[in-house]
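Residues per chain are reported as follows:
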Amino acid sequence: MPSLAPAAVRLAESSGSGPTLDIPIQVWALTLGVIVALFAVDLAISGRNPHAVGFKEAAGWSVVYISVAIVFGLVFAQWAGSPYGAEYFAGYIVEKTLSIDNLFVFVIIMSAFAVPAEHRHKLLTLGIALALVLRAIFIAIGATLLAYFSFMFLAFGVILIVTGIKLYQHRDQDPDVQDNALVRATKRRIPVTEDYREGHFFVRENGVRMATPLFIAFVAIASTDILFALDSIPAVYGVTNEPYIVFVANAFALLGLRALFFLVDGLLDRLIYLSTGLALILVFIGIKLSLHWAHGIWPSVPEISIVFSLVFIAVVLTVTTVASIVAVRRDPSKRAHAGSFTDNVEGRAGTGRGEGSGR
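Residues numbered from 1 in each chain as written. Predicted model: local features only at pLDDT ≥ 70, side-chain atom pairs only at ≥ 80, totals over all residues. Heavy atoms only, no water.

## Section: the overall build of the chain
For the chain, the count of helices and strands is eleven helices and four strands. Per-residue burial for the chain yields a buried fraction of 48% across its 359 residues. Contacts in the chain between residues at least 24 apart in sequence constitute 77% of all its contacts with a sequence separation of at least 6. About 16,300 Å² of surface is accessible on the chain, with carbon and sulfur atoms providing 67% of the total. (Helix = DSSP H or I, 4+ residues; strand = E, 2+ residues; numbered from the N terminus. Buried < 20%, exposed > 50% of the residue type's maximum accessible area, 1.4 Å probe, protein only. Contact = heavy atoms within 4.5 Å. Areas by Shrake-Rupley, 256 points an atom, 1.4 Å probe, with all protein chains shown as cover.)

In structure tokens:
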């Protein structure tokens, strides 16, 4: 453990590639308390006065949440040591990047179900809270698997490589949220009203309990949350083995999504190479995990350092963002797409949020 770390943070005796940072239960409790409090505040704000969130309000809250994440990282680095601080920031950047793609799907769902602007912030906050719960569950499962089965590093790596390749192959498509299996099953079992009924999920008409389109949209968001959790957890384990760092990186990346959604809603269409960049990052992290597994068996196999990972991710994001801006300026008709993991004919470029392939 670096000399900056106090006695409360100590190296646990573990072999191989398992966690080495032993976080006291008090720190876990304090961290969970702060995160739950921040989510509660966000939920209270979204439910207190439903309204269409403007650019100024969204920008203000985005700055607040990003600042909170940065301050936490600096304090954590001072407390646990700079190597762990670097792992946190690497994990945060990876999760924030993947969360932006999550926003793409949120935008598509909002548009597909014609969710009124005044109800979008409520739906977003609940969807993000559910995403945090799901990721916490998958973090616990992932930590257990990695602790007992070292080959899971290879399994996670292969999953990310395959996911990245599929995302690149279908980068010019959008997921078909209306054809979502969970959405179809919900509609078959529960009658749905035609209007949104002031933002309620359920209403009772003539003694019959009915769902509103807002609930159906939430079901669509919940199902995509599961898919994104399955991708994001192996991805962040590619830059750190510490469950605590994995959790806080996910939590702080998700906390600012509601405000970020309204801030970049009109800009997401412009990031036409984002899916390509994400695909490249996923494949890179998959290779990193695979090499980490191989290094444990054959020490002569080189590993990819956390510093190189940070630089690589930053360069990919910078290049894809700049290239997107340049391409859109040259051809304003181009539009970005969230990407799909399967061939979705209905969601191909030109039939989604805008005309033109965008790639």
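## Re the pairing of strand 4 (residues 208-211)
With four bridges joining them, strand 3 (residues 202-205) and strand 4 adopt antiparallel strand pairing. What sits directly across from arginine 204, in strand 4, is arginine 209. Between strand 3 and strand 4, which pair antiparallel in sequence order, lie two residues; one of them, asparagine 206, sits at a positive phi of approximately 50°. (Pairing = 2+ DSSP bridges.)

## Quick word on the confidence of the model for the chain
With 83% of its residues at a pLDDT of 70 or more, the chain has an overall mean of 78. For residues 1-17, every residue scores under 50 in pLDDT, and the model assigns this stretch 34 contacts once sequence neighbours within four places are set aside. A low-confidence stretch, residues 347-359 stays under pLDDT 50, and its non-local contacts, those more than four residues away or across chains, total 47 contacts. (pLDDT = per-residue confidence, 0-100.)

## Concerning a nonpolar patch on the surface
Among the surface-exposed residues, Val307, Val311, Val315 and Val319 lie close enough to one another that they form a single nonpolar patch of about 340 Å² accessible area. Mapped onto the elements of the fold, valine 315 is located in helix 11 (residues 306-330). (Patch = residues over 30% accessible without salt bridge, like charges linked within 9 Å, V, L, I, M, F, W, Y side chains within 5 Å. Salt bridge = Lys/Arg side-chain N within 4 Å of Asp/Glu carboxyl O.)

## Digging into unusual backbone geometry
Its identity is not glycine, yet alanine 114 carries a phi of approximately 50°, on the positive side. Of the residues examined, alanine 114 reaches a relative accessible area of 53% and is grouped as exposed. The phi dihedral of asparagine 206 is positive, around 50°, even though this residue is not glycine. Relative to the elements of secondary structure, asparagine 206 occurs in the loop between strand 3 and strand 4. On the basis of relative accessible area, asparagine 206 is assigned to the exposed category, the value being 82%.

## Let's talk about the packing of aromatic side chains
Summed over all chains, the structure comprises 17 aromatic pairs. On the numbers, 6.1 Å between centres and 45° between planes, the contact of tryptophan 28 with phenylalanine 247 is tilted. With tryptophan 28 in helix 1 (residues 25-48) and phenylalanine 247 in helix 8 (residues 243-255), the pair connects residues that are 219 residues apart, well separated along the chain. Look at phenylalanine 247 and you get buried, because its relative accessible area is 8%. Feature note: the residues Trp28, Phe72, Phe76, Tyr88, Phe89, Tyr92, Tyr244, Phe247 and Phe252 constitute an aromatic cluster, connected by ring pairs. Between arginine 209 and the ring centre of phenylalanine 202, over which it is positioned, the NZ or CZ distance is 4.5 Å. (Phe/Tyr/Trp six-rings, centres within 6.5 Å; stacked < 30°, edge-to-face > 60°. Lys NZ or Arg CZ within 6 Å of the ring centre and 35° of its normal.)

## With respect to the side chain of serine 290
Assignment of secondary structure puts serine 290 in helix 10 (residues 274-297). In contact with serine 290, not counting residues within four places along its chain, are Phe153, Leu154, Gly157, Val158 and Ile161.

## Brief notes about the packing of helix 6 (residues 181-189) against helix 7 (residues 213-237)
Following both chains from N to C, one finds helix 6 and helix 7 inclined at 150°, their axes separated by 8 Å at the closest point. Judged by the angle between their axes, helix 6 and helix 7 are roughly antiparallel. Relative to helix 7, the crossing made by helix 6 is right-handed. Of the residues in helix 7, those in contact with Leu182, Val183, Thr186 and Lys187 of helix 6 are Phe215, Ile216, Val219, Ala220 and Ser223. Residues of the contact of helix 6 with helix 7, tallied by class, amount to six nonpolar, two polar and one charged. (Axes fitted to C-alpha atoms, helices over the stretch in contact; angles between N-to-C directions. Parallel < 35°, antiparallel > 145°, perpendicular 65-115°, else oblique. Left-handed = near helix turned anticlockwise from the far one by under 90°. Nonpolar A, V, L, I, M, F, W, Y, C, P; charged D, E, K, R; others polar.)

## Observations regarding the side chain of serine 62
Among the structural elements, serine 62 can be located in helix 2 (residues 55-80). Setting aside chain neighbours within four positions, we find serine 62 in contact with Ala259, Leu260 and Leu263.

## What to know about the pattern of salt bridges
A full pass over the atoms with the stated rule returns one salt bridge. Its salt-bridge partner being arginine 135, residue glutamate 95 comes within 3.2 Å of it at the nearest N-O pair. Linking glutamate 95 in helix 3 (residues 82-112) with arginine 135 in helix 4 (residues 117-148), this pair joins segments that are 40 residues apart in sequence. Of the two residues examined, glutamate 95 and arginine 135, each falls in the buried class.

## Looking at the environment of alanine 155
By the element assignment, alanine 155 lies in helix 5 (residues 152-169). Each C-alpha atom of the pair alanine 155 and glycine 286 lies 9.1 Å from the other, and the pair is 131 residues apart in sequence.

## Some words on helix 11
Given a rise of 1.5 Å per residue, 25 residues ought to cover 36 Å, and the 36 Å separating the end C-alpha atoms of helix 11 matches this to within 8%. Listed in full, the buried residues belonging to helix 11 are Ser309, Ile313, Val316, Thr320, Ser324, Ala327 and Val328. The elements touched by buried residues of helix 11 are helix 3 and helix 10. (Expected span 1.5 Å × (residues − 1).)

## Brief notes about helix 2
The end-to-end C-alpha distance of helix 2, which contains 26 residues, comes to 37 Å, matching closely the 38 Å that a straight helix rising 1.5 Å per residue would cover. Those residues of helix 2 that fall on the buried side of the exposure criterion are Ala58, Ser62, Tyr65, Ala69, Phe72, Gly73, Phe76, Ala77 and Ala80. The first or second residue beyond helix 2 is glycine 81, which carries a positive phi of 120°.

## Describing the packing of helix 7 against helix 10
Two packed helices can be described by the angle between their axes and the distance between those axes. At a minimum axis distance of 9 Å, the contact between helix 7 and helix 10 shows a crossing angle of 55°. One way to sum up the angle between helix 7 and helix 10 is to call them oblique. Crossing hand, helix 7 versus helix 10: left-handed. Residue-level contacts link Pro234, Ala235 and Tyr237 of helix 7 to Leu282, Ile285 and Leu289 of helix 10. Residue composition of the contact of helix 7 with helix 10, by class: six nonpolar, no polar and no charged.

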